[in-house]
Structures are given as structure tokens and as C-alpha cells.
Amino acid sequence: MNPSVAHAALIATFKLAEADAAHKFALIKAAAVKGPKAVQAASETAAKAAKRRDSYAKKLGNLGVSLKD
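Residues numbered from 1 in each chain as written. Predicted model: local features only at pLDDT ≥ 70, side-chain atom pairs only at ≥ 80, totals over all residues. Heavy atoms only, no water.

Peer 1: Help me understand the environment of Ile11, please; the structure alone is not making it clear to me.
Peer 2: Here Ile11 shows up in helix H1 (residues 3-31). Ile11 sits in the partly exposed class, given a relative accessible area of 24%. Once you skip the residues sitting within four places of it in the chain, Ile11 turns out to touch Leu60, Val65 and Leu67. (Helix = DSSP H or I, 4+ residues; strand = E, 2+ residues; numbered from the N terminus. Buried < 20%, exposed > 50% of the residue type's maximum accessible area, 1.4 Å probe, protein only. Contact = heavy atoms within 4.5 Å.)

Peer 1: Sorry, what's going on with helix H2 (residues 36-62) here?
Peer 2: In an α-helix, one full turn covers 3.6 residues, which means residues spaced three or four apart are oriented alike. Along its 27 residues, H2 runs 38 Å from first to last C-alpha, staying within 8% of the 39 Å computed at 1.5 Å per residue. Taken as a whole, H2 has its buried residues at Ala42, Ala46, Ala49, Ala50 and Leu60. A positive backbone phi angle near 85° is found at Gly64, which sits one or two residues after H2. (Expected span 1.5 Å × (residues − 1).)

Peer 1: Sorry if this is basic, but what is going on with the environment of Ser66 here?
Peer 2: Note on placement: Ser66 falls in the segment after H2. A C-alpha to C-alpha distance of 17 Å links Ser66 and Arg52, two positions 14 residues apart in sequence.

Peer 1: Can you help me understand the pattern of salt bridges in this one?
Peer 2: Oppositely charged side chains may form a pair once their charged atoms are brought near each other. Scanning the model with the defined rule gives 3 salt bridges in all. Between Asp20 and Lys24 there is a salt bridge, with the nearest N and O atoms lying 3.7 Å from each other. Here Asp20 and its partner Lys24 are both found in helix H1, 4 residues apart, which amounts to about one turn of the helix. The exposure class assigned to Asp20 is partly exposed, which follows from its relative accessible area of 24%. Asp20 is paired through a salt bridge with Arg52; the nearest N and O atoms lie 3.1 Å apart. Taken together, the residues span a long stretch of sequence, with Asp20 in helix H1 and Arg52 in helix H2 at a distance of 32 residues. Overlapping salt bridges bring together Asp20, Lys24 and Arg52 as one network. (Salt bridge = Lys/Arg side-chain N within 4 Å of Asp/Glu carboxyl O.)

What is shown is where atoms sit, not what they do.
Encoded structure:
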């Protein structure tokens, strides 16, 4: 796999992780009406998704790829 293909694959994975994290944070608002346990579970899930997103962003940063809008 050449570097540009590897970069593209990692960028695509990052974009998916970024969208997943945004979705999980939106679920926290929806869980608010269901009670504190639901909010806690949604928050933990969102934190894991954000951690994955940040991990991919760090890998891209190490490769010199910047995805700032």
C-alpha cells in the first residue's frame, strides 16, 4: 500500500470516527429525558467515540496531514 492510499484510508476512517462521535454526543441530549442512567451510558459511549476520533487525528498529525477546516 503506497503512502497516499494509506493516508486516504486513514482520512476516511477519521471522518467516520468524527461523524460517529458527533452522533454519540447528540444521543446524550436524547437520553436526557430517559433519566440519569441513560445519560451516563450515552456519555460513556460518546467519550469512547471521541477517544477513537482523537486517536485517528493524532495518527494523521504524525503523518503530517492536517484536517483543519
